[in-house]
Amino acid sequence: MSKNIKKLKKVLHKEGLRFTSQREAVWNEIISSDEHRNADEIYMAIRQNGVLVSRATVYRTIDVLVKNNMVRKLDVGVGPSKFEHKMNTSHHDHIICIQCGHIEEFVVDQIESLQDSVAKEYEFILVRHIHQLFGICKDCQ
Ligand SMILES: [Zn+2]
Ligand SMILES: [Zn+2]
């Protein structure tokens, strides 16, 4: 069994949920892509693969994955939230188009270290941060 599936089993057990092939399909679909997709797009992709799963199961499983730090939920400002998996991905921030929802990922060392100095100044130990820029992409301008 792969490490990712073991992790899913552990989390479902902790949440008092059964490990089912439907929930496994949700997780497999999410980790199969590096795209940022909303819950409905993930649901459609699973259905397209021929897996019979209800929308409610997909939504609820995603919630559990977000709660347990396996999936990141992105508030994109317009339309439904988008999701991306957090397995073997390095830290990155997002710039989001408020018109079409297009998302780019970026890492800027200066921003990262500035955030560290802010935390230091206020005597915080930094655990995580969410940094999102909202704008209008080239295609929508
Ligand atoms: Zn756009
Ligand atoms: Zn991302």
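Anyway, here's the lowdown on the structure attached to this text. (Residues numbered from 1 in each chain as written. Chains lettered and ligands numbered in written order. Predicted model: local features only at pLDDT ≥ 70, side-chain atom pairs only at ≥ 80, totals over all residues.)

Some remarks on the overall build of the chain
Thought 1: Each helix and strand in the chain was counted, giving five helices and six strands.
Thought 2: Ordering the α and β elements of the chain from the N terminus gives α-α-β-α-α-β-β-β-β-α-β.
Thought 3: The dimensions of the chain, computed from C-alpha atoms along their principal axes, are 50 × 40 × 20 Å.
Thought 4: Within the chain, buried positions represent 19% of all 141 residues.
Thought 5: Pairs at least 24 residues apart make up 47% of the contacts formed inside the chain by residues separated by at least 6 positions. (Helix = DSSP H or I, 4+ residues; strand = E, 2+ residues; numbered from the N terminus. Buried ≥ 20, exposed ≤ 12 C-beta atoms within 10 Å, placed from the backbone. Contact = placed C-beta atoms within 7 Å.)

Observations regarding the sheet that holds strand S3 (residues 82–85)
In a beta sheet, neighbouring strands are held together by backbone hydrogen bonds and run either parallel or antiparallel to one another.
Thought 1: Reading across from one edge, S1-S3-S2 is the order of the three strands in this open sheet, with antiparallel pairing throughout. Two strands bound the open sheet, and with one partner strand each, they are strand S1 (37–38) and strand S2 (71–74).
Thought 2: Where S1 lies against S3, two bridges are found, and the strand directions are antiparallel. If you follow arginine 37 over to S3, its bridge partner there is phenylalanine 83. (Pairing = 2+ DSSP bridges.)

Digging into the nonpolar core
Thought 1: In terms of nonpolar packing, the biggest core is built from 18 residues, with Val26, Ile30, Ile42, Val58 and Ile62 touching the most fellow members.
Thought 2: Counting residues per element, the ones that place at least two in this core are helix H1 (3–14), helix H2 (21–31), helix H3 (39–48) and helix H4 (55–67).
Thought 3: Broken down by element, this core gets its largest block of residues, five residues, from H2.
Thought 4: Sequence-distant contacts of isoleucine 62, defined by excluding residues within four places in its chain, comprise Val26, Ala39, Ile42, Val71 and Phe83. (Core = buried A, V, L, I, M, F, W, Y, C linked by C-beta atoms within 7 Å.)

Let's talk about the sheet that holds strand S5 (residues 103–106)
Thought 1: Spatially, S5-S4-S6 is the arrangement adopted by the three strands of the open sheet, whose pairing is mixed. Lying at the two open borders of the sheet, with one neighbouring strand each, are S5 and strand S6 (132–135). In this sheet, neighbouring strand axes are inclined to one another by 20 degrees on average, regardless of whether the strands run parallel or antiparallel.
Thought 2: Pairing between strand S4 (residues 93–97) and S5: four bridges, direction antiparallel. In the strand pairing of S5, isoleucine 96 is matched with isoleucine 103. (Axes fitted to C-alpha atoms, helices over the stretch in contact; angles between N-to-C directions.)

Interpretation note: all reported values are geometric properties and have no functional meaning in isolation.
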